[in-house]
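What the coordinates show
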Amino acid sequence: MAFWDSLWPGREAQFESGNAATNSIVLSKRHATVSLTKQGALTGNLRVNLSWRMRTSDIEGRSRQSGRLLRPFKLFQPDVVQAHTQGVVNVDLDLGCMYELKDGTKGVVQPLGNLIGDLNAPPYIRLSGDDRFGAPSGETVYVNLDQRDQIKRLLFFVYIYDQTPAFDRTHAKVTLYPGNGPRIEIELDERAPQARSCAVFTVENVKGDLLVRREVKFVYGFQSELDRLYGWGMQWGRGYKSRA
């Protein structure tokens, strides 16, 4: 941003553009919106991936500090380990998507209740599977953008299945991979120790223009609270997963 742009805060671009070096767009509080239409990403499948890792301090505590003292340069290298390692199997982050179609149909695609959706028929959204241990591949939801005219709005969210709030102990990221154009990254970097759900981003069809907006709003309840926050108006009940 140029110096004179800082003198007039309203001058910065409303929409974030891609980074040529990394071929990615990072949505932040300052640059919260990107147009899939302007990125030329309106065909094929939009892949939305949730990946997460556990912070080392919650797994090993102070046990590694002595080793760091013997190797001082390690003090400046933050450790991150995959979430499926020992001691964290009770943390289960899930990716879900509430949808509203142009004909008024509303629903949700999520691991809970095995609501995996359908890619080639309404709601044109499908969950690839349920990752319960933070595997590197994470969880992925696909959206059929060839049927974008049937979609009114989407809300992608992440929730913790069990009763242990853990957003403050995990490093989670949601990445959108359009069929064309740069990927879009959203970090769940705000600490909310007691939160159990997070509205990550919305997709809204505005006169044929698909707009992605970063939300990253943490709530202390589950899907029903996100529903009320965004005005979906659906009925919710308690759900369970089958044993792994």
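Note that this is a predicted model, so its numbers are computed, not measured. (Residues numbered from 1 in each chain as written. Predicted model: local features only at pLDDT ≥ 70, side-chain atom pairs only at ≥ 80, totals over all residues. Heavy atoms only, no water.)

Using the criterion set out here, one finds one cavity of 30 Å³ or more in the structure. Here the largest cavity is characterised by a volume of approximately 40 Å³. As for the largest cavity, its lining consists of Leu 36, Leu 46, Val 143, Leu 145, Arg 148, Ile 151, Leu 154, Val 203 and Leu 210. Partitioned by chemical class, the residues of the lining of the largest cavity number eight nonpolar, no polar and one charged. (1 Å grid on protein atoms, 1.4 Å probe; cavity = no way out; pocket = protein on both sides within 12 Å on 5 of 7 lines; lining within 4 Å. Points joined across faces, edges and corners; volume = space filled by probe spheres on them. Nonpolar A, V, L, I, M, F, W, Y, C, P; charged D, E, K, R; others polar.)

Our next topic: the side chain of Ser 35. With respect to the helices and strands, the residue Ser 35 is situated in strand β2 (residues 33–35). When its relative accessible area of 2% is taken as the criterion, Ser 35 is described as buried. Of note is the side chain of Ser 35, whose polar atom sits 3.3 Å from the backbone nitrogen of Thr 37. Among the polar contacts listed, one links the side chain of Ser 35 to the side chain of Asp 209, at a separation of 2.7 Å. (Helix = DSSP H or I, 4+ residues; strand = E, 2+ residues; numbered from the N terminus. Buried < 20%, exposed > 50% of the residue type's maximum accessible area, 1.4 Å probe, protein only. Polar contact = N/O pair within 3.5 Å; in protein donor to acceptor, adjacent residues only side chain to side chain.)

Ordered in space as β2-β14-β13-β10-β5-β6, the six strands form an open sheet in which the pairing is antiparallel. Lying at the two open borders of the sheet, with one neighbouring strand each, are β2 and β6 (106–109). Pairwise comparison of adjacent strand axes, ignoring direction, gives a mean angle of 20° for this sheet. As paired elements, strand β10 (residues 151–160) and strand β13 (residues 197–206) share seven bridges and run antiparallel to each other. Looking at the pairing, Leu 155 lines up with Thr 202 of β13. (Pairing = 2+ DSSP bridges. Axes fitted to C-alpha atoms, helices over the stretch in contact; angles between N-to-C directions.)

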